[in-house]
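Residue-level structural notes
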Amino acid sequence: MRFFLRLLGALWLATFVVSGGFAWYERHSERTKQIEDLHRRAALAADAVREASERLVARGARTGYEKVLNRFGRQDRAIAIFDAFGSVIEASAEVRRSIGPISPLVTEAIQRNQATRAFATVNGRTRFVHVVPLQQDDGPIGAAAVLLDAEYLDTAEWDLWQRTAVRIGVLTLLLTGITWLVVRWSVTRPMARIAEWTRQLKSGKPVTLPPQADVSLFGPLATEVTGLARTLARARLAAAEEARLRLAGESLWTEERLKQFIEIRFGERPMYVVSNREPVSHVYDGRGGIAEVRPASGLVTALEPIMLACGGVWVAHGSGSADRVAGERIGLPTPDPAYSLRRVWLSEQEETGYYYGFANEGLWPLCHIVHERPQFRADDWEQYRAVNGRFAATLLEEMEKAEHPVVLAQDYHFALLPQLVKQNRPDARVALFWHIPWPNFEAFGICPWQDEILLGMLGADLIGFHTQFHCNNFLETVERTIEGRVDWENFTVVRGQHRTWVRPFPISVAPDDAEPLPARAALRAELGIGTEWLGIGVERVDYTKGLPERIRALRRFFERWPEFRRRVTFVQIASLSRSRIPRYRALQEEVREAVRSINEEFGERGWLPIVYRERHHDHAEIRRYYRAADFCMVTSLHDGMNLVAKEYVAAQDDDEGSLILSRFTGASRELRDAWLVNPYDMEDMAAAIHDALTADPDDRRSRMSRLRSHVREYNIYGWAGMLAAELARIPQPSLQRG
Ligand code: F6P
């Protein structure tokens, strides 16, 4: 209330000062103009009266003055003629009996033989009096006075002040009303909501996120307070979850537990993640604005929760069209940052050689057994080396002030980076996580730069793969390719003084604790799916993902079991990826054509077997599909892990869904209760779809229930915790920074 009154007081004062000031100025300039006008009119009239009466007075005439008075006198203009002693000879009737107040003016005009003028009240009215001396031979012989009615000046002034008072009154009322409404809507209500929210928070009731305050009004303060409140809410939820788990005797990994674990293991040592793909890209949205986009990347899905939990710096390629405008270093997530993103800018040539060339036309097909011939070009290799050097330099710059930093390098884009970092910062703990499979040593042997790649990787203290099988492949490759001792008992590689631990860490996703969604059927209706069953696939269009194989399997399913036509819709969410590589463009065409063909052949009025959605979908949208879908198909020909499978399971809030999963994914080693398929075997996949839809409900539910428990238990926080634990366990000689 006091704030409101103070605000109002200030507004009233401003209104009063401005309106009063302007009124005063208006009155002043108007009055000046009116007085000048009076002067002019009075002087003209007085001269005329002087001319007409001077001769009469000079010859001492007793009559003739009435004519002068009649000629020049008017209702608003009185005339008086005086002799040399200032006595009235003749005067207009309305002033004749009360001429006294102007006598001093008359006397002064005669004595000084010059005109005088002033305002005077004559006969109860304000008049402007102008007196001119009458002369003979330049000597005064009397005077003539003109009295103009000036009463209207006072009336006009009074009117002006009255108008001003009314204006101030109306403005004040209006301002009071508007201010009251604005304060109520923009301040009191939001504040009351925040206060209510805070009360609930204090009372220990479970609360959702705090209501948003108007950032434009409260500026950074609002952002900070809201951020603080959110952090509190998160901390509270995390603590509640911890307590719940403790009571239940469970030892689940949570965001909070990971945070504490990292703190205990690494203390104040800061964490650095390096990956090619950035967690958030800024892109022009086509409407003149800039939008934040989360890329379709399993790596980002997995690592972001860790950065949210532990903070630190994430170094990545700034690849968004508007990244340079958004900035080289930004806090994420907005508006409540928990960690920093440091972008590395690459030239067209660097990106072509390092990313499209060596990483994705060389290492990618080399590591995936999909019968795609790797392309090894010396130019690409040079760029790959150079870009690894650039990322290492940026990372070293970021770590300049950090003591014993912890580095988590990600994926096949940075095989050389661990060695480059360790050479410069032996005090750093460096882990490299390889998100894709590792082939057997013969397959790897076709890479012309296999030695350099292995030596670069072995600069790390710890190398992680998704499965023990890939660790074994890697160790065997090392053993048969370079000099160094593989210790199979401890799964380490020893080269000189340096030892690298090689361990499996099956990556996972964060538990799904986002807002609840409507039930499956209601959600399907919202998504415009009218069939009894919905299937879902979510992929980057990549030849490792088995998309044409999946479409062929769906075709076979509708052929073998025609009774399912019109009753099953399969939605394929596809995000385009690496489109500058001809093989990817060809695949995009192939998939579109395959969808078109099946839809043409089987589609009927009001039903298409496959709904193909080829655009970027954010996680919230995908989550709705996951939740609505009765089955999800993951049919990779070869995949390190495949997080879509785990995301689908994590997104379920009942046990009604089914997962059809390629046995060539890392995920299939853990998710044994999925319907495991060979994606090269069309009949097998078609049968799996049929089995998933017609399974005994109890069997289906118990499968999904076990899958859900597994993904909940082995979640991304556990992955990071295990990796951190292993990294912290590695003995490190005490090193001074060089
Ligand atoms: O699977 C390897 C990987 O790097 C993932 O980590 C990521 O999901 C995917 O490839 C994304 O590829 P890109 O960044 O080239 O679009």
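Every chain is numbered independently, its residues counted from 1 as its sequence is written. pLDDT decides what is reported in this predicted model: residues at 70 or higher carry local features, side-chain atom pairs at 80 or more are listed and counted, and totals for whole chains, interfaces and linings draw on all residues regardless. As a rule here, side-chain values cover all heavy atoms of the structure and leave hydrogens and water aside.

**What about unusual backbone geometry?**
The omega torsion across Leu332 and Pro333 is -10°, close enough to zero to call that bond cis. Assignment of secondary structure puts Pro333 in the loop between strand S10 (329-332) and strand S11 (339-344). Pro335 follows Thr334 through a cis peptide bond whose omega is 0°. A positive phi angle, close to 50°, is found at Asp137, a residue other than glycine. Secondary structure elements are defined from DSSP: runs of H or I of at least 4 residues count as helices, runs of E of at least 2 residues count as strands, and each element is numbered from the N terminus.

**With respect to the site of the ligand**
In the vicinity of the ligand, 13 residues are found, and the nearest of them are Arg277, Gly298, Tyr355, Asp411 and Arg578. A 3.5 Å cut-off defines polar contacts: any pair of N or O atoms within that distance qualifies, except that in protein one atom must be a possible hydrogen donor and the other a possible acceptor, and neighbouring residues in sequence count only when both atoms are side-chain atoms. In this structure, Asp411 approaches the ligand through a side-chain N or O atom, which is 2.6 Å from an oxygen atom. Computed on the free molecule, the ligand has an accessible area of 390 Å², of which 90% lies beneath the protein chains in the complex. Elements supplying a minimum of two residues to the shell around the ligand: helix H8 (298-310) and helix H10 (348-367). Nearness is judged by heavy atoms alone; a residue qualifies as near a molecule or strand once a single heavy atom is within 4 Å of it. Per-residue accessibility takes into account occlusion by the displayed protein chains alone, with areas from the Shrake-Rupley method and a 1.4 Å probe.

**Considering the sheet that holds strand S3 (residues 116-122)**
Strands are treated as partners if at least two bridges between them are detected by DSSP. As summarised here, the arrangement of the five strands in space is S2-S1-S5-S4-S3, forming an open sheet in which the pairing is antiparallel. The strands lining the two open edges of the sheet, one partner per strand, are strand S2 (88-91) and S3. If you compare each strand with its neighbour and ignore which way they point, the axes differ by 25° on average. Here, residues are in contact when the closest pair of their heavy atoms is within 4.5 Å. Think of each axis as a best-fit line through the C-alpha atoms, taken over the contacting stretch in the case of a helix, with angles from 0 to 180 degrees between the N-to-C directions. Together, strand S1 (77-83), S2, S3, strand S4 (125-136) and strand S5 (139-149) form the strand contacts of helix H1 (residues 2-58), whose direction differs from that of S4 by roughly 40°.

**A word on the side chain of Gln410**
Here Gln410 shows up in strand S12 (residues 406-410). Three exposure classes are used, based on accessible area relative to the maximum for each residue type with a 1.4 Å probe and protein chains only: buried under 20%, partly exposed in between, and exposed over 50%. Taking the relative accessible area as the measure of exposure, Gln410 reaches 2% and is therefore buried. A distance of 2.6 Å separates the side chain of Gln410 from the side chain of His435, its partner in a polar contact. Setting aside its immediate chain neighbours within four residues, Gln410 contacts Val273, Val274, Ser275, Leu299, Leu303, Leu432, Phe433 and His435.

**Focus on the packing of helix H19 (residues 619-628) against helix H20 (residues 643-651)**
Here H19 crosses H20 at 70°, and the two axes come no closer than 9 Å. If you check the angle between H19 and H20, you find them roughly perpendicular. Between H19 and H20, the residues in contact are His619, Tyr626 and Arg627 and Val644, Glu647, Tyr648 and Ala651, respectively. Only Asp, Glu, Lys and Arg are considered charged, only Ala, Val, Leu, Ile, Met, Phe, Trp, Tyr, Cys and Pro nonpolar, and every remaining residue, Gly among them, polar. Taken together, the residues of the contact of H19 with H20 sort by class into four nonpolar, one polar and two charged. Geometric relationships in this document are graded by angle, where less than 35 degrees denotes roughly parallel, more than 145 denotes roughly antiparallel, 65 to 115 denotes roughly perpendicular, and other angles denote oblique.

**Considering a nonpolar patch on the surface**
On the surface, Trp24, Tyr25, Trp158 and Trp161 cluster together into a nonpolar patch covering about 510 Å² of accessible area. Counting residues per element, the ones that place at least two in the nonpolar patch are H1 and helix H5 (151-203). Locating Trp161 in the fold gives a position in helix H5. Looking at Trp161, the relative accessible area reads 30%, which means it is partly exposed. Patch membership is restricted to residues that have no salt bridge and whose relative accessible area is over 30%. Joining uses 9 Å for like charges and 5 Å for the nonpolar side chains Val, Leu, Ile, Met, Phe, Trp and Tyr. Here a salt bridge means any side-chain nitrogen of Lys or Arg lying within 4 Å of a carboxyl oxygen belonging to Asp or Glu.

**Points about helix H4 (residues 103-112)**
By the burial criterion, the buried members of H4 are Leu105, Val106, Ala109 and Ile110. Buried residues of H4, viewed axially, fall in a sector of 130°; they line one side. Away from its buried face, by an angle of more than 90 degrees, H4 presents the exposed residues Pro104 and Gln111. Elements that come into contact with the buried residues of H4 comprise S1, S3, S4 and S5. Of the residues one or two after H4, Asn113 is the one with positive phi, at around 50°. Taking the helix axis as origin, the arc is that swept by the directions to the C-beta atoms.

**Things to note about the nonpolar core**
In terms of nonpolar packing, the biggest core is built from 95 residues, with Phe391, Trp434, Met457 and Phe474 touching the most fellow members. Per-element accounting of this core gives the leading share, nine residues, to H10. Apart from the residues lying within four places of it in its own chain, the contact partners of Phe474 are Trp438, Leu454, Met457, Leu458, Ile463, Phe465 and Val502. Within this scheme, the nonpolar core is defined by two criteria: the residues are buried Ala, Val, Leu, Ile, Met, Phe, Trp, Tyr or Cys, and they are joined through side-chain atoms within 4.5 Å. Core analysis: the second largest hydrophobic core is formed by 73 residues, Leu303, Ile330, Val571 and Ala667 among them.

**Let's talk about the sheet that holds strand S16 (residues 492-495)**
Strand order in the open sheet formed by ten strands is S10-S11-S9-S6-S12-S13-S14-S17-S16-S15, with mixed pairing between adjacent strands. Of all the strands in the sheet, the pair left with one neighbour each is S10 and strand S15 (485-487). Between one strand axis and the next, the sheet turns through 20° on average, direction left out of account. Looking at chain direction, S15 and S16 are connected through three bridges and run antiparallel. The residue of S16 that forms the bridge with Asp487 is Thr492. Taken strand by strand, H8 contacts strand S6 (271-275), strand S9 (313-317), S11 and S12, and its axis lies near 150° from that of S9.

**Side note on the state of the cysteines**
Note on terminology: disulfide denotes any pair of cysteine sulfur atoms within 2.5 Å. Inspection of every chain in the model, using the stated rule, returns zero disulfides. Among the cysteines around Cys447, which has no disulfide bond, Cys367 carries the closest sulfur, lying 8.9 Å off. Judged by relative accessible area, which is 2%, Cys447 ranks as buried. As a non-bridged cysteine, Cys471 has Cys367 as the owner of its nearest cysteine sulfur, 13 Å distant. A residue is classified by how much of its surface remains accessible, and Cys471, at 0% relative accessible area, is buried.

**Examining the environment of Ala43**
You can see Ala43 is positioned in helix H1. As a C-alpha pair, Ala43 and His130 span 87 residues in sequence and 6.7 Å in three-dimensional space.

**Focus: the pattern of salt bridges**
A side chain of one charge can pair with a side chain of the opposite charge if their charged atoms are brought near each other. Within the structure shown, the criterion is met by 62 salt bridges. Put simply, Arg31 and Asp154 hold a salt bridge, and the shortest N to O gap is 4.0 Å. Taken together, the residues Arg31 in helix H1 and Asp154 in helix H5 connect sequence positions 123 residues apart. A relative accessible area of 35% places Asp154 in the partly exposed class. Lys259 is the partner of Glu256 in a salt bridge, and the nearest nitrogen-oxygen pair spans 4.0 Å. Residue Glu256 and its partner Lys259 are both found in helix H7 (residues 255-266); the two are separated by three residues, about one turn of the helix. Assessed through its relative accessible area of 18%, Glu256 is described here as buried. Of the residues examined, Lys259 reaches a relative accessible area of 27% and is grouped as partly exposed. Ionic contacts of the salt-bridge type, sharing partners, join the residues Glu328, Arg329, Arg342, Glu397 and Glu398 into one network.

**Quick look at the packing of aromatic side chains**
Think of it this way: a Phe, Tyr or Trp ring, Trp meaning its six-membered ring, pairs with another when their centres are within 6.5 Å, and the plane angle makes it stacked under 30 degrees, edge-to-face over 60, tilted otherwise. Applying the stated criterion to the full structure yields 32 aromatic pairs. With a centroid separation of 5.3 Å and 55° between ring planes, the pair formed by Tyr543 and Tyr584 is classed as tilted. Taken together, the residues span a long stretch of sequence, with Tyr543 in the loop between strand S18 (533-540) and helix H17 (547-560) and Tyr584 in helix H18 (residues 582-602) at a distance of 41 residues. Among the aromatic side chains, those forming a connected cluster through ring pairs are Tyr354, Phe358, Phe376, Trp381, Tyr384, Phe391, Phe414 and Trp449. Here, over-ring charges are defined by two tests on the NZ atom of lysine or the CZ atom of arginine: distance to the ring centre within 6 Å, and angle to the ring normal within 35 degrees. Positioned over the ring face of Phe564 is Arg567, at 5.3 Å from the centre of the ring. Note that Arg578 overlies the ring of Trp364, its terminal NZ or CZ placed 4.1 Å from the centroid.

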